Amino acid sequence: MIETVREILTLALGALGIPAPERIEVEVPKAESMGDLATPLAMSLAKTLKRPPGKIAEEIVSFLNSKDIGLPDILRLRDDFEKIEVAGPGFINFTFKRESLYSSFAGLLRQGGASFRKDIGKGQKILVEFVSANPTGPLHLGHGRGAALGAALSNLLAASGFNVTKEYYVNDAGRQVGLLGESVFARYQELLGISYPFPEEGYRGEYVTGIARKIMETEGAKYKDKEFSRHADYFSKTACDMMLAAIKDDLESFGVTFDVWQSEKELYDKTEVEAAIDYLRGKGLIYEKEGATWFAATSFGDEKDRVLIKSGGQYTYFASDVAYHKKKADKGYDELIDIWGADHHGYIPRVGAALEALGYGKERLTVLLVQMVSLLRGGKPVQMSKRAGEFVTLREVIEEVGADMTKFIFLTRKADSHLDFDLEVAKAASAENPVYYVQYANARIGSIFRNAVQQGFLHEEGGADVRAALLPTDSSPDDLSPLAEPEEIRLLKKVLLYPSVLEAAVQAREPHRITYYLQELAGLFHPYYNRHRILTDERGLSFARLCLCRGIALVIRDGLRLLGVAAPEKM
RNA sequence: GCGCCUGUAGCUCAGUAGGAUAGAGCAACUGCCUUCUAAGCAGUGGGUCAGGGGUUCGAAUCCCUUCAGGCGCGCCA
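Thresholds applied
Residues numbered from 1 in each chain as written. Chains lettered and ligands numbered in written order. Predicted model: local features only at pLDDT ≥ 70, side-chain atom pairs only at ≥ 80, totals over all residues. Heavy atoms only, no water. Helix = DSSP H or I, 4+ residues; strand = E, 2+ residues; numbered from the N terminus. Buried < 20%, exposed > 50% of the residue type's maximum accessible area, 1.4 Å probe, protein only. Contact = heavy atoms within 4.5 Å. Near = heavy atom within 4 Å. Polar contact = N/O pair within 3.5 Å; in protein donor to acceptor, adjacent residues only side chain to side chain. Pairing = 2+ DSSP bridges. Axes fitted to C-alpha atoms, helices over the stretch in contact; angles between N-to-C directions. Phe/Tyr/Trp six-rings, centres within 6.5 Å; stacked < 30°, edge-to-face > 60°. Lys NZ or Arg CZ within 6 Å of the ring centre and 35° of its normal. Salt bridge = Lys/Arg side-chain N within 4 Å of Asp/Glu carboxyl O. Parallel < 35°, antiparallel > 145°, perpendicular 65-115°, else oblique. Nonpolar A, V, L, I, M, F, W, Y, C, P; charged D, E, K, R; others polar. Arc of directions from axis to C-beta. Domains from an automatic or database assignment. Buried area = accessible area lost by both parts, 1.4 Å probe.

A few words on the overall build of chain A. Within chain A, the secondary structure is distributed over 23 helices and 14 strands. Considered along the principal axes of its C-alpha atoms, chain A spans approximately 90 × 60 × 45 Å. Residues counted as buried form 52% of the 571 residues belonging to chain A. Considering only residue pairs separated by 6 or more positions, chain A has 73% of its internal contacts joining residues 24 or more positions apart.

The next point concerns the protein's contact with RNA strand B. Contacts to RNA strand B come from 69 residues, most closely from Phe-91, Arg-413, Tyr-440, Ser-447 and Asn-451. Counting only the atoms of RNA strand B that lie within 4 Å of the protein, the sugar and phosphate share comes to 64%. Between a phosphate oxygen of RNA strand B and a side-chain N or O atom of Lys-30, the distance comes to 3.3 Å. Interatomic distance of 2.9 Å between a backbone N/O atom of Glu-290 and a base nitrogen of RNA strand B. The set of elements that each furnish at least two residues to the surface near RNA strand B consists of helix 2 (41–49), strand 3 (91–96), strand 8 (292–295), strand 14 (419–422), helix 17 (434–454) and helix 22 (512–531).

This paragraph deals with the side chain of Thr-406. Following the sequence through the fold, Thr-406 ends up in helix 15 (residues 403–410). In this structure Thr-406 touches Leu-141, Phe-254, Val-397, Val-401 and Phe-421, once residues within four positions along its chain are discounted.

Pairing between sheet strands relies on hydrogen bonds along the backbone, with the strands arranged either parallel or antiparallel. What the three strands build is an open sheet, ordered 7-8-9; its pairing is antiparallel. The open sheet has two edge strands, strand 7 (286–289) and strand 9 (306–309), and neither has a second partner. Going across the sheet, the axis of each strand differs from the next one's by a mean of 45°, ignoring polarity. Bridge count between strand 7 and strand 8: four bridges; the pairing is antiparallel. Bridge pairing in strand 8 places Lys-289 opposite Ala-292.

Within this structure, the stated rule accounts for 26 aromatic pairs. Plain terms: the ring middles of Phe-116 and Tyr-498 are 5.0 Å apart, the flat faces sit at 90° to each other, and that makes the pair edge-to-face. With Phe-116 in the loop between helix 5 (98–111) and strand 4 (125–129) and Tyr-498 in helix 21 (residues 498–508), this pair connects stretches of sequence that are 382 residues apart. For the pair formed by Phe-116 and Tyr-498, the shared burial category is buried. Every member of this aromatic cluster is reached through a ring pair, and the members are Phe-185, Tyr-188, Tyr-196, Tyr-223, Phe-228, Tyr-234 and Phe-235. The ring centre of Tyr-333 lies 4.7 Å from the NZ or CZ of Lys-125, which sits over that ring. Between the NZ or CZ atom of Arg-509 and the centre of the ring of Phe-162, over which it lies, the distance is 5.9 Å.

This brings us to the pattern of salt bridges. The tally for this structure, following the rule as stated, stands at 34 salt bridges. A salt bridge links Glu-85 to Lys-83, with the nearest nitrogen and oxygen atoms 3.8 Å apart. Assessed through its relative accessible area of 38%, Lys-83 is described here as partly exposed. When the shortest N-O distance is used, the salt bridge between Glu-520 and Lys-494 registers 2.6 Å. Note that Glu-520 is positioned in helix 22 and Lys-494 in helix 20 (residues 486–496), a separation of 26 residues in sequence. One network of salt bridges, in which partners are shared, links Glu-3, Arg-6, Lys-118 and Glu-503.

We now examine the sheet that holds strand 6 (residues 260–263). The five strands lie next to each other as 6-5-4-10-11, forming an open sheet whose pairing is parallel. Looking at strand neighbours, the two that pair on one side only are strand 6 and strand 11 (365–370), the edges of this open sheet. Within this sheet the neighbouring strands show an average axis-to-axis angle of 25°, counted without direction. Here strand 4 pairs with strand 10 (residues 335–341) via four bridges, running parallel. Within strand 10, the position partnered with Leu-127 by the bridge is Leu-336. The strands that helix 6 (residues 141–159) touches are strand 4, strand 5 (163–170), strand 10 and strand 11; relative to strand 10, the one it contacts most, it runs at about 160°.

In this section: the environment of Thr-136. By the element assignment, Thr-136 lies in the loop between strand 4 and helix 6. The exposure class assigned to Thr-136 is buried, which follows from its relative accessible area of 1%. A C-alpha to C-alpha distance of 7.8 Å links Thr-136 and Tyr-203, two positions 67 residues apart in sequence.

For the rest of this paragraph, the subject is unusual backbone geometry. Note on backbone geometry: most residues besides glycine have negative phi, and most peptide bonds are trans. For Ser-132, which is not glycine, the phi torsion reads 45° and is therefore positive. Relative to the helices and strands, Ser-132 is located in the loop between strand 4 and helix 6. Relative accessible area serves as the criterion here: at 14%, Ser-132 is assigned to the buried category. Unusually for a residue other than glycine, Glu-290 sits at a positive phi of about 50°. Mapped onto the elements of the fold, Glu-290 is located in the loop between strand 7 and strand 8.

This part takes up the packing of helix 7 (residues 175–191) against helix 9 (residues 228–253). At a minimum axis separation of 7 Å, helix 7 and helix 9 run at an interaxial angle of 100°. With respect to their mutual orientation, helix 7 and helix 9 come out roughly perpendicular. Residues Val-177, Gly-178, Leu-180, Gly-181, Glu-182, Val-184, Phe-185 and Tyr-188 of helix 7 lie in contact with helix 9, whose contacting residues are Phe-228, Phe-235, Ser-236, Ala-239, Cys-240 and Met-243. Tallied by class, the residues present in the contact of helix 7 with helix 9 amount to 10 nonpolar, three polar and one charged.

Turning to helix 2, a few remarks are in order. Along helix 2, the residues classified as buried are Leu-41, Ala-42, Leu-45 and Ala-46. Within helix 2, the buried residues cover an arc of 140° as seen down the axis, which keeps them to one side. Turning to helix 2, the residues buried within the fold contact helix 1 (2–16), strand 1 (37–39) and helix 3 (53–65). Lys-50 occupies a position one or two residues after helix 2 and carries a positive phi of about 55°.

What follows is about the domain arrangement of chain A. The domain architecture assigned to chain A consists of domain 1 (2–96), domain 2 (130–262 + 371–429) and domain 3 (433–563). Once you take the C-alpha centre of each, domain 1 and domain 3 turn out to be 31 Å apart. With six residues of domain 1 at the contact, the number on the domain 3 side is five residues. For the pairing of domain 1 and domain 3, the buried interface totals around 420 Å² over both sides, and the portion due to carbon and sulfur atoms is 47%. When the buried surface of domain 1 facing domain 3 is broken down by residue, Ile-2, Glu-32 and Asp-36 rank first, second and third, together holding 68% of it. The interface formed by domain 1 and domain 3 includes two salt bridges. In terms of residue class, the side of domain 1 that touches domain 3 is made up of three nonpolar, no polar and three charged.

As structure tokens, then:
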């Protein structure tokens with residue numbers, strides 16, 4: 001729909017000799033009296049043309065409305081519209097003919113989900129890295145937010161013609177993992193009745209004792225009263241492996257999967273970190289100062305130079321991150337999307353600088369920041385302190401309020417705003433929650449179709465997807481002409497707008513737009529359902545309404561799938 | 001002190017690349033299940049878009065500034 005308007009405007013501007021802007025803005029007007037779609041084009045042109053917007057709009061509109069343009073392309077497109085008129089300060093409002101809506105909708109039914117897809121990515125390779133929580137403890141709610149966003153965004157990108165890889169960066173090297181190992185070691189000794197000083201900054205969560213217990217079960221008292229330093233590798237690696245397995249398990253329960261698990265340790269083992277530093281050294285961007293090795297990040301817009309190798313000889317976290325981003329870029333991805341907690345935002349300039357220095361350009365990096373999640377219970381903040389080991393895990397939340405609902409709540413906010421997640425509210429409101437509102441629309445349609453078969457409106461032809469199996473694939477515009485109620489026209493238009501919503505969501509990298517759209521669509525369907533019967537005595541009407549319902553369900557199921565939320569047929 | 005994010009209805013949040021009369025859900029109140037699923041529907045009330053300046057035909061949206069909250073500013077990860 002939006003494309004048609006853009007196209008005809010572009011052609012008109014061309015014919016009138018008016019220079020077209022790069023992007024013609026088309027929007028859904030606030031009130032239905034203003035038509036189906038509108039463009040403020042004339043008003044934005046007023047500046048450059050130095051003419052009143054009303055005049056410009058008038059010129060475009062009268063051109064489009066003249067019968068003898070003699071331009072077949074315009075006439076063909078013009079035929080879709082009931083009217084095109086100037087309104088307000090210079091808006092051009094477009095109203096579609098019913099027939100045109102019917103025929104577009106029939107096309108959507110015929111092509112099914114394929115018609116939602118626009119090839120925006122054109123095969124571009126995108127790597128989406130998200131979650132990437134340290135394997136030193138279970139995932140908490142903040143990680144869940146990143147997981148929901150990353151998964152939904154990846155689905156959305158993949159559905160829009162991008163070649164997407166989902167990756168989790170595992171920080172399995174360095175001090176934190178050592179600390180985890182020693183914490184486990186300490187608990188292990190305790191379990192065997194030996195007192196061992198718990199590391200100052202160790203991990204105090206109960207899961208640490210759990211890991212120690214498992215080691216005790218498999219290895220017995222083998223390490224009893226031994227020196228940690230001699231068994232550090234074993235404890236660290238084992239603990240890290242077990243944590244990672246638990247994290248994968250949590251993510252699976254959350255319905256989030258990854259294509260690649262990139263180990264940080266491997267970057268060291270394969271000397272990729274050294275290689276990255278050498279590469280920069282070769283470009284003269286590395287220098288030694290006060291015993292440390294520095295990267296000249298200021299040359300690329302960072303506010304200070306950054307240490308890669310400490311004076312003590314250890315690599316910094318940043319060093320492996322440079323190598324990691326080099327590796328990602330080397331693989332030929334056109335875009336690297338990193339989803340980080342907002343507390344890492346200060347890190348963006350230095351990673352950008354690194355990519356720039358590596359010859360890839362910082363534009364290749366897109367960092368999406370996910371703001372903090374404040375966990376509440378009945379309006380009171382739940383303390384989350386890793387140090388004290390008190391925090392509510394993602395798993396606990398999933399078990400308490402459900403994965404679908406948790407995801408939907410995350411995806412109903414834009415990433416870059418703080419989020420209060422109240423467990424009591426999420427649970428208490430569970431019967432009237434937005435996610436159910438959307439799912440329920442689909443389930444109701446499922447029920448209608450089951451009834452339609454039972455009552456002989458349609459013949460069942462088998463298959464799990466009742467709707468796909470029942471309706472003829474050659475639905476023609478004529479089948480839809482009985483749809484004349486205002487609610488029905490509204491629904492037709494809303495469904496037809498879905499591809500544009502996806503496009504906008506992809507371009508803005510904002511899956512939450514889908515969430516809102518689905519709520520709006522369901523918000524049109526429920527009242528319609530309540531007011532009008534789908535299965536009536538009139539066969540033609542019933543069939544048309546079934547077609548409408550099928551289109552709605554197709555869109556809802558597609559949208560929910562992209563969000564990673566289930567779309568049950570029955571509720 | 002510097003930087004980033006946020007501030008919209010009682011609460012939680014949308015507001016689509018500056019556009020027409022600022023929206024939704026929850027909460028509150030009033031009705032609706034012998035008809036395809038009441039996880040639903042119909043109706044009512046609710047706003048200094050944090051404050052102040054500016055840019056222009058037009059600002060919740062862009063710029064400046066003040067205030068409030070959050071997060072960063074390491075040879076931590």
